[in-house]
Each structure stands twice: as C-alpha cells, then as structure tokens.
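Here is how the chains run, residue by residue.
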Amino acid sequence: MIWLNQLVQGLMLGGYYALLACGLSFMFGVMGIINLAHGSLAVLAAYMLFILAERFEVHPLLGLAAVVPVMALIGWVLHRLVLERSARAGALIPLLSTFGLASVLDNSMFQAFGADTRSLAPYIDTLSYDGWTLPGGIIVGQLAVLTLAVAIALLGGLHLMLTHTALGRRIRAAAHDPDTAQLVGVDARAVYAASTAIAMATVAVAGAFLAMRATFDPYTGPYQLIFAFEAVIIGGGSLWGTLLGGIVLGIAQSIGAQVHPQGFLIAGHVVFLAVLLARVYAANTLRRCIRSFTGRFRSRA
Amino acid sequence: MSLLKIEGLEARHGLLTAVQGISLEIEHGETLALVGANGAGKTTLLRTLAGVHPVAGGRIVFDGVDVSALPAHRRVAAGLALVPEGRKLFPAMTVQENLLVALSAKREGNWNLGSVLEAFPQLKPKLKAAAGTLSGGQQQAVAIGRALMTNPRMLLLDEVSLGLSPLAVQSVYNSLRTLMGKGTAHGTTVVLVEQDLQRTFQVADRIVCMLEGKVVASGRADEMTREQVMEHYFGHRTSTSTSSADSSATSQQATAT
C-alpha cells in the first residue's frame, strides 16, 4: 500500500512539474529557445503575488488576475529586448542571454526582498493542508489535486489554442518556417512575441503554485528550472509529452524517496539521464537499421 | 503607371552579388517570364521582391510605394505574393490550415477557401489531410492556393513545375490560366520562372533573359524566338540581341565578352 501511496503522490508531484514545465516546453516548441531564466521568472511572479497578499491582503489565486497580464507583458518585452536579438545570432546565444538574465533577476530579487524564505501558504487558508481520503486510506492534498488539474487544463488549453484558432495556426506556421510564414502574411516577429507572452502567463500560474505548495527565496529559480527542464526532455518536447514527462519525473522522485531517504533527487536525475541516453541510443540504432536496410537494397540492385 | 518598378536592384549571398543592378517595369495584368540558367539569379530576384532576401541596393516600388524596406508580411498585405521554389508547405498542418493561415494577410478580394477549392478541385477531398502526405502536384496546388488566399495583385511563381509529372504540370497551368493576365476573371499580374521554354512562350506576354545576375535581353514573347532565348540562356553571342532589348542590357553583353 505504501508503494501505491508513493505512486499517487508522485502523480500529484508530477502535475506540479508539468505545470512548471508548460511555458518552457511551449517556448522551446515554438521558437527553439531554451529559456534558462524560466525558474527565476516563476519566482518573480511568486514575489509579486506575495506582495499583493502581504500588503493588500489579496488571495494569491485572485492576485493571479493581476500578475498573469503583468507577466505576459514582461514576456512580450523580454522577446523584443532579449530573445529576438539573441536568437538572430544563433542557437547558443539565447542560452547565454537567458542565463545572464536569470543571474540578474536572482540577485535583484535578493537585493529587493532579502534572503528571507517566503511562502504563500499562510494566505490560502486551509487549502494548503486540506486533503481528501481516497479508498484504501491514501490521502491526497487538495492543493496537489488542484495543481494537477490546472496543469492538465493549461496544457490542454494551449493544445486547443494551437490546433483550433487563427493565432494557433500562425504560431505553428512560424514555428515550422518563419520565412515561409512571412510569405503568407504572418508577422513572425509578432507571433513570437505573443508566444513568449503566453509562455510567461503560464509561468505566472506556475509561480503561484510553487509558492503556495512550498517556500521560496530569491535563489529558488534555478532549482525549479532543472525540474522543468527534465520534465520537458523526458516528455520529448511536445505539450502532452511534457505532462507525461512531469508525471514520470514526479513518480520517479516519489518512489526514489521511498527506497532511500536521499533517493528523491537521485531517482529523478537517473530517470532523466536514462531517457536521454535511450533517445540517443535509439536514434543511433534506428540510423544503423536504415543504413543496413538501404545497404542490402543497394547490393540486391 | 506600372504596378511594379524595380530600379537598379542588387541582392547578395555573402560576397557573391546574385542580382546585379536589375531594372524592370511590370504593367498591370502582364505575365512576365524570367528565363536563365541555374545561378542566373532568378530565384534570388523573386525572393528579394517578396522580402525574404535583403535588398543590398536599388529600389522596389510596388503600386507607387517604395517597399524595399518593408518586411515580407507587409508586402503580402500590400498584394505582392510569392509561391516559393520547392512549395514550402507547412507539412504537419492540414491542407485547410495551410490555406487558412494565409488569411493573416487580411486582404479583401475574390479569393477565399471556396473559390480556391473551385480553382483546384483536386484539393477538396484532401482538406483534412496533412499537407506533407500529398503528392507533388497536389502540394503545388496547395502552395499556389495558399498564395491566392492572400488575394495578391501580383503573384510571383518560382518554378511551379519543378519535380512534377507532365500531367500534374498541365493541371497546375490549367488552373493558373484562369487568373493570369488581362481579360481573365482575376486579372492577376504574374512574374514566373519556368524551365520549360515551350510553356514559357505559351503563357508569357514578355520574356526577360537573365545571365549571372543581369538582364541580358528582354522582349515580347511573340516577337522573340526560341533560338534567341536559348542563346542568351547560355550566354553565347552568336547573333545580335533582340530588337527590344534595352541599351543597358546590350552594353552589359558587350562588357561580358
């Protein structure tokens, strides 16, 4: 029963990782940019919600109504000022510039808010610790269930937006070939800026859940980035893959923690590396198969 | 006034100047064919006109407005559309999505999903299929249909018959005939690059021969002969240039030898 419990808790944790990875996956999918400031931006959103909650007594979930548009605006500006210019210089430059941005953000937040550890948990009443008891005595936290539900809703919503709206068509066209998209009237620059804005809106939501379920400080971002990145890689980069990747990572950590007290992080990283190596190996094997097949074909001909 | 006026246009690939000071005027409703060997700069010229290749010198004036500095999507919005070489569809998107994405140009006109499907009826049963799964001829139809969805005043066609079966080429040109040139329902001005000289003579009002980035001859299609065009194609100078070739082209030829 303890293993089943770990499995269920892992699933819930996976929902959080999927939520965290949503924006990272979206930006990578659309623009091929890995935003290393992703975690720091989530923490920035968390601080905004914290200020709203502490000074103005705004419930964090209500505060999102203000923070989501602000983060979207930040995303738009981020694209115009940083990503667009650096992406023009090659695939590696956005990595450097977002890494630099993460350092600037982390240290600025340290300057502004100090080293104190914060949390939004005190501002959400009993939601932070209430749970439901499932048959079999497994208890799931209400916040964890809400996190998983929001992750599924966001990823599903993004998927529907991409497949069923005019903006989605434009985003997919620009993602595949920006030059040709321009040739049919798509303003690829504006589409990319809008995509970054959408990604940052999801980062605001991720930041809220990060701060409600646990504590954060100015240097929390990079750790969250690692989990989000692992979820994206395990999932293979697509939106639904990211949900799956988050859940695999969450379950691996949860089971790992049950095996050994220090197994939590190790199990997650091991699964990430195993999937990464399997991909490389599978790609090589596939290539070898194709080569031997075409070789046979040639010798027969 | 001409619809498109090109003045001393230059475009480069690194150190290579692929388009070297080309000047052309294209009238409303005209069908103009660019002829020349591989590397003559035809594709680069079209891509520069469409705005996906940077202008290194000179001006492009479309409908009285200098569009040289405008990004490609703004030129499409002004009515200048390119069907690129190699079709360049969005392969993972359905045929319908490929066509609808071109509504981003936001131009009013006769062309919509219905009229494009009427012009290319072979696409009707394929609307929900991924564009990448279509045959070459069908893909070319989608590429042209997608450009038409922007309701262009001028259509630039880059080697629409490349890699297609003769039957598919015929079908594409049959559809094109309804929109090319004066007197047709759409009266679209067309600039096309086509390797098949016979077909070029059939569809074009005017033929412009290019060699190494320059215009070496131009004239009305009914006043030029196949032999004259062939000479310019390879850059031989066995006879005098065509009667209507402009003076700069003649002087360029003289310096080339």
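Scroll up to find the structure this text is about.
Computed from a predicted model, the values in this text were never measured in an experiment.

The helix and strand inventory of chain A stands at 11 helices and four strands. Taking 301 residues into account, the globule formula puts the C-alpha radius of gyration at 19 Å, and chain A, at 21 Å, falls close to it. On the principal axes, the C-alpha backbone points of chain A span a range of 75 × 50 × 35 Å. Sorting the 301 residues of chain A into buried and exposed places 48% on the buried side. Long-range pairs, those at least 24 residues apart, make up 74% of the contacts in chain A between residues at least 6 apart in sequence.

Scanning chain B from terminus to terminus reveals nine helices and 10 strands. Taking the contacts inside chain B whose residues are at least 6 apart along the sequence as the reference set, 68% of them involve residues at least 24 apart.

A separate point is the interface of chain B and chain A. With 22 residues of chain B at the contact, the number on the chain A side is 15 residues. Secondary structure elements with two or more residues in the side of chain B that touches chain A: helix 2 (72–78) and helix 3 (95–100) of chain B. A total of four residues in the side of chain B that touches chain A trace back to one element, the largest contributor, which is helix 2 of chain B. Along the lines of polarity and charge, the residues of the side of chain B that touches chain A split into 16 nonpolar, three polar and three charged.

For the rest of this paragraph, the subject is helix 4 (residues 93–113) of chain A. In an α-helix there are 3.6 residues to a turn, and that puts residues three or four apart on one side. Residues and elements named next belong to chain A. Counted at 1.5 Å a residue, the expected span for helix 4 with its 21 residues is 30 Å, and the 30 Å between its end C-alpha atoms agrees. Of all the residues in helix 4, the buried ones are P94, S97, T98, L101, A102, D106 and M109. Buried-residue contacts for helix 4 involve helix 2 (38–56), helix 3 (60–88) and helix 9 (221–235). Following helix 4 by one or two positions, G114 has its phi on the positive side, about 75°.

Residue and element names in this part refer to chain B. Pairing of strand 1 (residues 4–13) with strand 2 (residues 16–26) involves eight bridges; the strand directions are antiparallel. Along strand 2, the bridge assignment pairs K5 with E25. From the end of strand 1 to the start of strand 2, which pair antiparallel, there are two residues, and G14 there has a positive phi angle of about 60°.

All names here are of chain B. The strand order 6-7-8-3-9-10 describes an open sheet built from six strands, whose pairing is mixed. Where the open sheet ends on each side, the last strands, each with one partner, are strand 6 (80–83) and strand 10 (214–220). Each strand of the sheet is rotated relative to its neighbour by a mean of 15°, with strand direction disregarded. In terms of strand pairing, strand 6 meets strand 7 (residues 154–158) through four bridges, oriented parallel. Paired with A81 across the two strands is L155, which belongs to strand 7. Contacting strand 3 (31–35), strand 6, strand 7, strand 8 (189–193) and strand 9 (206–211), helix 1 (residues 42–50) crosses the sheet at an angle of about 150° to strand 7. On top of the sheet, helix 8 (residues 226–234) reaches strand 3, strand 9 and strand 10; it is set at about 25° to strand 9, its chief contact.

The next thing to look at is the packing of helix 1 (residues 2–31) of chain A against helix 5 (residues 142–164) of chain A. Residues and elements named next belong to chain A. Close contact between helix 1 and helix 5 brings their axes to 7 Å; oriented N to C, the two are set at 30°. Taken together, helix 1 and helix 5 sit at an angle that is classed as roughly parallel. In this structure, helix 1 meets helix 5 at a crossing whose hand is left-handed. Facing M12, G15, Y16, A18, L19, C22 and F26 of helix 1, the residues of helix 5 in contact are A144, V145, T147, L148, V150, A151, L154, L155 and L158. For the contact of helix 1 with helix 5, the per-class residue count stands at 14 nonpolar, two polar and no charged.

Moving on to the sheet that holds strand 2 of chain B. Residue and element names in this part refer to chain B. Strand order in the open sheet formed by four strands is 2-1-4-5, and the pairing between neighbours is antiparallel. Two strands bound the open sheet, and with one partner strand each, they are strand 2 and strand 5 (65–66). Packed on one face of the sheet, helix 1 meets strand 1, strand 2 and strand 4 (57–62) and runs near 65° to strand 2.

Residues and elements named next belong to chain B. Most of strand 8 is tucked away, with five of its five residues classed as buried. Burial along strand 8 is two-sided: the residues T189, V191 and V193 and V190 and L192 are all buried. Across five bridges, the pairing between strand 7 and strand 8 is parallel. From the neighbouring strand, M154 faces strand 8, where its bridge partner is T189.

Residues and elements named next belong to chain A. Following both chains from N to C, one finds helix 6 (residues 166–176) and helix 8 (residues 188–213) inclined at 110°, their axes separated by 10 Å at the closest point. It follows that helix 6 is roughly perpendicular to helix 8 by the angle criterion. Residues L167, R170, I171 and A174 of helix 6 form the contact with helix 8, whose own contacting residues are A188, V191, Y192, A194 and S195.

Here we come to the environment of S104(B). Among the secondary structure elements, S104(B) is positioned in the loop between helix 3 and helix 4 (113–119). Spatially, the C-alpha atom of S104(B) lies 7.8 Å from that of T150(B), the residues being 46 residues apart in sequence. Sequence-distant contacts of S104(B), that is, excluding residues within four places in its chain, are made with R170(A), V184(A), G185(A) and V186(A).

Residues and elements named next belong to chain A. Checked against the element boundaries, W76 lands in helix 3. What makes W76 partly exposed here is the crowd of 19 C-beta atoms within 10 Å. On a C-alpha basis, the gap between W76 and Q6 in space is 40 Å, while along the polypeptide they are 70 residues apart. In contact with W76, other than residues within four places in its own chain, are A193, T196 and A197.

Another point: the nonpolar core. Counting residues in hydrophobic clusters, the biggest one holds 168 residues, and the most contacted among them are L19(A), A45(A), L49(A) and L156(B). No other element matches the 17 residues that helix 8 of chain A contributes to this core. Residue contacts for L156(B): discarding those within four places in its chain leaves L46(B), L49(B), A50(B), A81(B), L82(B), V83(B) and V191(B).

Moving on to unusual backbone geometry. A positive phi angle is found at E57(A), which is not glycine, with a value near 55°. Note that E57(A) resides in the loop between helix 2 and helix 3. Look at E57(A) and you get exposed, because 8 C-beta atoms sit within 10 Å. Positive phi is not limited to glycine here, since K88(B) has a value of about 50°. In this fold, K88(B) is placed in the loop between strand 6 and helix 3.

Cut-off values and rules
Residues numbered from 1 in each chain as written. Chains lettered and ligands numbered in written order. Predicted model: local features only at pLDDT ≥ 70, side-chain atom pairs only at ≥ 80, totals over all residues. Helix = DSSP H or I, 4+ residues; strand = E, 2+ residues; numbered from the N terminus. Rg over C-alpha atoms; globule rule 2.2 N^0.38 Å. Buried ≥ 20, exposed ≤ 12 C-beta atoms within 10 Å, placed from the backbone. Contact = placed C-beta atoms within 7 Å. Nonpolar A, V, L, I, M, F, W, Y, C, P; charged D, E, K, R; others polar. Expected span 1.5 Å × (residues − 1). Pairing = 2+ DSSP bridges. Axes fitted to C-alpha atoms, helices over the stretch in contact; angles between N-to-C directions. Parallel < 35°, antiparallel > 145°, perpendicular 65-115°, else oblique. Left-handed = near helix turned anticlockwise from the far one by under 90°. Core = buried A, V, L, I, M, F, W, Y, C linked by C-beta atoms within 7 Å.

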